[in-house]
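# Working through the structure, step by step
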Amino acid sequence: MSIQRLDSSKLQSAYGIRVQSLYPWQGVVEPPFGAAWAVVAPGEETKHHAHQDAETFFIAKGRGVMRIGDEVYDVQAGDVLYQPPFQSHTLVNTGDAEELLFLTVWWEDLQLWAHERPAPNHRPRRTMVTAAPPTPNGDLHVGHISGPYLAADIHTRYLRLRGVDARYISGSDDNQSYVKTNAARLGMGPQASADLLSYDILTTLTEMGIRLDQFVRPNASPHHGKLARELFRTLKVHGHLVEKEVDSPWCEKCDLYLYEAYIGGRCPHCHAPSGGNICEECGRPNDCADLLEPRCTQCGSAPVRRPTTRLFFPLSRWEKPLREFHRKVAMNPSLRSLCEQAMAAGLPDIAVTHVTDWGIQVPLVGYEDQCIFVWCEMAARYLAHARHLSSVEDYWKSDDGNIVQCFGFDNGFFYAVLLPAIYMAFDPSLRLPSAYLMNEFYHLDGRKFSTSRRHAIWARELAAQVPADMVRFYLSYTRPEVESTNFTREDFKATCTRELLGVWQPWLESLGRRITADFDGVVPATGDWTGEHRAFYNRLGELRDTAASAYEATSFSPQRAARVLCELAREAHRFGQAETVWRRVATRKEERRTAAALELLAAKVLAEAAAPMLPDFAAQLWGHLGYTEPLSEHRWEVHLSWVPPGQKTRALGGASYFSEIT
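Residues numbered from 1 in each chain as written. Predicted model: local features only at pLDDT ≥ 70, side-chain atom pairs only at ≥ 80, totals over all residues. Heavy atoms only, no water.

Put simply, the rule reads: UniProt positions are given in the numbering used here, feature names are shortened, and annotations may be inferred rather than shown by experiment.
In the annotation of an unreviewed UniProt entry, the entry for the protein reads Class I tRNA ligase family protein, and the organism field reads Pendulispora brunnea. Looking at the protein in UniProt, the text filed under Catalytic activity (unreviewed entry) is "tRNA(Met) + L-methionine + ATP = L-methionyl-tRNA(Met) + AMP + diphosphate". Word for word, the UniProt comment on the protein under Sequence similarities (unreviewed entry) is "Belongs to the class-I aminoacyl-tRNA synthetase family. MetG type 1 subfamily."

This is the structure:
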């Protein structure tokens, strides 16, 4: 017989508590399960986590609360709990002095996994998809387009194919300090400059095939300013804003309070070059006064410190509800790690007023020389967006409503930490966004895009040279989803030439010629099936499902979708060429019909799956397959369905879907 005893000297840190593993046990056969003693100190809790193992907890001492998914249980000594695979869970010791001791036994059972797969995505009837508002201090380059603007357009188009009343809304960020500094450079007033450049921005989005339901100008909106002031007063009345006098950076030479666009230096967290209030490199906020080696961006002078009274939003009060929200909202690992890093370091007090004459004036006596920080104003923007579309209740308070937000890494902290906390403080009944679609930085020839240094490729100019769908394809193919990626003209040309002109176009041309020659352009009914036919049919279903997954908010990846589309075209081209052998055998007409019907089905699947990303190409192909109903009115089908036999195709063999890139 062998025996082990609970030994405090053998306890090691794991999952946020102390654990003594019982296996492997020297001299004892290794069992098909793991086991450990675990100790939770009074007031402490296990890390909120999920794993592939099934698990059983035997509570030996103490009291606590066990949370499995959304279910909560009071537990005490003598209780036994079962935890299914992949269920997120945590155990809290609610005692004041006594440790909570439990034995955990876990095992991997692959048969259980099938029963624990997540349910299909619930689709609310309506979704508001937002893209971070562009600052009107210049036109949009392809780096801008590759991020939130194309992402929101793709996701919105996909949701509509799924029958969701999806609305895409954005607008200009007119009250940014960068608007005022750019206007001074142009010799214009801030609003006049914002009006001019916002027109350019909207024109560029349109040229790129990005269709917004509304593009809101905040200072002309009947809702935006009113809601911003209402939100601000509510936060102050309910004690969610605190007044503090703190040393703040001022430029004596310019006689200017320095924040955002007016100050630069090095980030206090990662020491990379940084602007005021946020570091683009690490994504962490700063208060400008804590910048290392600060300087005034207007004259280059080192700032002085002056005591300045401002209002702050204490984020640390909202750490616990923010952690709860982050467990539910869909976001990529980069954003999730940014949130956890910020909370581990201690959430700061965020200044929500700044000394400036540009923006929405603080609606409180004594703050006449200050305006609401644009990122506090941003919270009101999305409530106003809902009113522009219908009502706040439809998107923020209804079970039938949903919100998906798209933005870049440099906005991640504000969207995932600051804004949710402000919404919680302003109105606890608001339903927060269900998904954040965040992108990393897109580079040009290995360096960051820069409007000021003219290191950019302007999206509108590129769309004037080649079809917008080709640009959309390449930006999706190289989208900076989990790491920074790079645009080069050489790779743009090579990728489009290899995939679109080298595979997609030749396959569709060949298919069209064969349908015309063999069936007079009429879609044939299926006949005799071979093993290859069945394998190809099943593969089409797999590829279409993979494309759908890449468009869903919970697994959003235009990069993966673009590659799936290429794989679909490549496999269809290969299948079509292989099946031409049946033309040699007069008695194999039935097999030829099946092969042709399958290839036309592949073309239909390509049109459906490409529609969110390449809407013009998809609509053209859809029409060439003989459909009279617009593709925009078609619904993503649960099961593959044939192109109707007897339907007449139109110009399928002679269509030119893409153009050469010079």
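### Description of the packing of aromatic side chains
Selection criterion: For Phe, Tyr and Trp, rings pair up if their centres lie within 6.5 Å, where Trp contributes its six-membered ring, and each pair is then called stacked (planes under 30 degrees apart), edge-to-face (over 60) or tilted (otherwise). Under the scheme applied here, a residue whose accessible area is under 20% of the maximum for its type counts as buried, over 50% as exposed, and between as partly exposed, the area being computed with a 1.4 Å probe on protein chains only. Whether a charge sits over a ring depends on NZ of Lys or CZ of Arg being within 6 Å of the ring centre and within 35 degrees of the ring normal.
Across all of its chains, the model carries 34 aromatic pairs by this definition. Ring geometry for Tyr259 and Tyr262: centres 6.0 Å apart, planes at 40°, overall tilted. Accessibility assignment for this pair places Tyr259 and Tyr262 in one class, buried. Their ring planes at 75° and their centres at 5.9 Å tell us that Phe413 and Phe414 sit as a pair that is edge-to-face. For the pair Phe413 and Phe414, a shared accessibility class is recorded, and that class is buried. Among the aromatic residues, those joined into a cluster by ring pairs are Phe325, Phe373, Trp375, Tyr382, Phe407, Phe413, Phe414, Tyr415 and Tyr436. Against the face of Tyr477 rests Arg563, its NZ or CZ located 3.8 Å from the ring centre.

### Focus on the nonpolar core
Note the following rule: Residues belong to a common nonpolar core when they are buried Ala, Val, Leu, Ile, Met, Phe, Trp, Tyr or Cys residues joined through side-chain atoms within 4.5 Å. Strands here are runs of E lasting at least two residues and helices are runs of H or I lasting at least four, both read from the DSSP assignment and numbered beginning at the N terminus. Contacts are assigned to residue pairs that have any heavy atoms within 4.5 Å of one another.
With 104 residues, the main nonpolar core has Phe473, Phe487, Trp504 and Phe617 as its most contacted residues. Considering every element that reaches this core, the biggest residue donor is helix 16 (residues 589-610), with 12 residues. Look past the residues within four positions of Phe487 in its chain and what remains in contact with it is Val142, Tyr442, His443, Leu444, Asp445, Phe449, Ile457, Leu462, Tyr474, Leu475 and Phe492. Counting residues in each nonpolar core, the second largest holds 67 residues, with Ile278, Leu322, Ile372 and Leu389 among its members.

### Remarks on the sheet that holds strand 23 (residues 435-439)
Note the threshold: DSSP bridges decide pairing: two strands pair if at least two such bridges lie between them. Lines are fitted to the C-alpha atoms to define the axes, a helix being fitted only along its stretch in contact, and any angle between axes, read from their N-to-C directions, falls within 0 to 180 degrees.
What the 5 strands build is an open sheet, ordered 12-11-10-22-23; its pairing is parallel. Each edge of the open sheet is held by one strand with a lone partner, namely strand 12 (214-216) and strand 23. Sheet twist, expressed as the mean angle between neighbouring strand axes with direction ignored, is 20°.

### Points about the packing of helix 6 (residues 319-326) against helix 7 (residues 333-344)
Here is the rule we go by: Note on angle classes: values under 35 degrees are labelled roughly parallel, values over 145 roughly antiparallel, values of 65 to 115 roughly perpendicular, and the remainder oblique. If you view the pair so one helix is near and one far, a crossing is left-handed when the near helix is turned anticlockwise from the far one by less than a right angle, and right-handed when it is turned clockwise. Three classes are used, and their members are as follows: Ala, Val, Leu, Ile, Met, Phe, Trp, Tyr, Cys and Pro are nonpolar, Asp, Glu, Lys and Arg are charged, and the others, Gly among them, are polar.
Following both chains from N to C, one finds helix 6 and helix 7 inclined at 165°, their axes separated by 12 Å at the closest point. As summarised for this structure, helix 6 and helix 7 are arranged roughly antiparallel, according to the angle between their axes. For helix 6 against helix 7, the interelement crossing comes out left-handed. Here helix 6 contributes Glu319, Leu322, Arg323 and His326 to the contact with helix 7, which in turn contributes Arg336, Cys339, Met343 and Ala344. Residue composition of the contact of helix 6 with helix 7, grouped by class: 4 nonpolar, 1 polar and 3 charged.

### Remarks on the environment of Pro268
Mapped onto the elements, Pro268 comes out in the loop between strand 15 (263-266) and strand 16 (273-275). Classification of Pro268 by relative accessible area gives partly exposed; the value is 25%. Taking the C-alpha atoms as reference, Pro268 lies 7.2 Å from Asn286; in sequence the two are 18 residues apart. If we ignore the near neighbours within four places in the chain, the residues touching Pro268 are Asn286, Asp290, Leu291 and Leu292.

### Points about the UniProt feature "domain: Cupin type-2" (unreviewed entry) in the protein
Sites flagged by UniProt as "domain: Cupin type-2" (unreviewed entry) map to residues 38-105. Taken end to end, residues 38-105 has its terminal C-alpha atoms 11 Å apart, with 0% of it in helix and 56% in strand.

### Some remarks on the side chain of Thr356
For the record, the criterion: Under this definition, polar contacts are N or O atom pairs within 3.5 Å; protein pairs additionally need one hydrogen-donor-capable and one acceptor-capable atom, and for neighbouring residues in sequence, both atoms have to be side-chain atoms.
Secondary-structure assignment places Thr356 in the loop between strand 20 (353-355) and strand 21 (370-372). Relative accessible area serves as the criterion here: at 15%, Thr356 is assigned to the buried category. Within polar-contact distance, the side chain of Thr356 engages the backbone nitrogen of Trp358 at 3.2 Å. Setting aside its immediate chain neighbours within four residues, Thr356 contacts Tyr259, Asp369, Gln370 and Cys371.

### Digging into empty space enclosed by the protein
What counts, and what does not: In this analysis the probe radius is 1.4 Å and the grid spacing 1 Å, with only protein atoms considered; a cavity is a set of points the probe fits into but cannot get out of, a pocket is an open set with protein on both sides within 12 Å along at least five of seven lines, and lining residues have an atom within 4 Å of a point. Grid points are joined across faces, edges and corners, and a volume is the space filled by probe spheres set on the points.
Overall, the coordinates contain 2 cavities of 30 Å³ or more when judged by the stated rule. What the largest cavity holds in volume is close to 140 Å³. Taken together, 14 residues line the largest cavity, and the ones lying closest to its centre are Arg514, Asp518, Glu579, Arg592 and Ala596. Secondary-structure elements contributing two or more residues to the lining of the largest cavity are helix 13 (489-519), helix 15 (558-579) and helix 16.

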